[in-house]
Amino acid sequence: MATGARLPDLLHLCSGKEKAFSESEGWNGTLVEDDAGGDGLMKPYYEHAGISIFLGDCREILPQLDRVDWTLTDPPYGIRMSKGFEGFEGFGGSGPLIARRQYPDCWDENRPSSGTFGLILRGSEQAIIWGGNFFADILPRATHWLVWDKLNTMPSFGDCELAWTSVDRKSVKKITVEWNGLIGKEEFRDHPTQKPILLMKQCLKQYSGEGQRVRDPFMGSGTTLFAAKQPGIQAEVIEIEEK
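In short, a report on the structure. (Residues numbered from 1 in each chain as written. Predicted model: local features only at pLDDT ≥ 70, side-chain atom pairs only at ≥ 80, totals over all residues. Heavy atoms only, no water.)

We now examine the nonpolar core. Of all hydrophobic cores here, the largest spans 31 residues; its most connected members are Ile53, Leu72, Ile128, Trp130, Leu146 and Val214. Contributing elements (two or more residues each) for this core: strand S4 (51-55), strand S5 (68-73), strand S6 (124-130), strand S7 (144-149), helix H4 (197-207), helix H5 (223-229) and strand S11 (234-239). In terms of residues, this core owes the most to one element, H4, which gives six residues. Counting 17 residues, the second largest nonpolar core, distinct from the first, contains Cys58, Leu65, Phe117 and Ala127. (Core = buried A, V, L, I, M, F, W, Y, C linked by side-chain atoms within 4.5 Å. Buried < 20%, exposed > 50% of the residue type's maximum accessible area, 1.4 Å probe, protein only. Helix = DSSP H or I, 4+ residues; strand = E, 2+ residues; numbered from the N terminus.)

Dropping the structure here:
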């Protein structure tokens, strides 16, 4: 999903370097041959300390990447969240409509196809896909779901969000991360469906392990990238837009 944050700015925050990443070093959209003249390898837009970022359409990039341990992602839902938030002033659904914040592109006009999800699932051993209720009809049957409890007190916003998983369990797991009004705000928030870094950290802590590789084919605001950096997990993300 596209965000208001530019990739070089996210890289600067993630790496902690004094010098921001140069845009002139970005991915050129081509394959490069390895030194031994073997198979073509996708050249990342950015690669450093276990972090790899690919710039382009995940449908074109995924077939050229190795299989990873985990996919942790939050795809476009196809419910036009790119048009912004909506709600009511006050409590109980009363009061005048709140003006919706508009976003400059239409990233949420369509959800990924079953074919795109097939590429995602074939490219990883296990997967956690947030917004899973919007994709339940095109994803395989899941027996283990995640529920994010936001501890929400605002009646015009959802109390929980669901994640589809490929985990072979017969249960539902609740993860509680407060995300309510001014509570739980991130250092930056550029996306209407942005997930808290703490939520993504909890997913990785409970289902992945240090040294494993995790992929997010819809980088968006970069929360999977930040979450994976903390426990030393190798992160590989794809973003379709540079801005």
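Continuing now.
Moving on, we come to the packing of aromatic side chains. If you walk through the whole model with that rule in mind, you get five aromatic pairs. Taking 5.0 Å as the distance between ring centres and 55° as the angle between the ring planes, the aromatic pair formed by Phe117 and Phe135 counts as tilted. On the criterion of sequence distance, the pair formed by Phe117 in helix H3 (residues 114-122) and Phe135 in the loop between S6 and S7 is long-range, its members being 18 residues apart. By relative accessible area, Phe117 is classed as buried at 1%. Taken together, the ring pairs in this structure connect Tyr77, Phe117, Phe134 and Phe135 into an aromatic cluster. The residue whose ring lies beneath Lys150 is Trp148, and the NZ or CZ to ring-centre distance is 4.9 Å. (Phe/Tyr/Trp six-rings, centres within 6.5 Å; stacked < 30°, edge-to-face > 60°. Lys NZ or Arg CZ within 6 Å of the ring centre and 35° of its normal.)

Time to look at H4. In an α-helix, one full turn covers 3.6 residues, which means residues spaced three or four apart are oriented alike. Taken as a whole, H4 has its buried residues at Ile197, Leu199, Met200, Cys203, Leu204 and Tyr207. Summarising the axial view, the buried residues of H4 lie within an arc of 165°, below the 170-degree limit, and thus occupy one face. Check the buried side of H4 and you find it contacts S5, S6, S7, strand S9 (171-176), strand S10 (213-216) and H5. (Arc of directions from axis to C-beta. Contact = heavy atoms within 4.5 Å.)

This paragraph deals with unusual backbone geometry. One non-glycine residue, Ala49, lies in positive phi territory at about 50°. Tracing the backbone shows Ala49 in the loop between strand S3 (46-48) and S4. Of the residues examined, Ala49 reaches a relative accessible area of 71% and is grouped as exposed. Located in the positive-phi region is Leu151, a residue other than glycine, with phi close to 50°. As for its placement among the helices and strands, Leu151 is situated in the loop between S7 and strand S8 (160-165).

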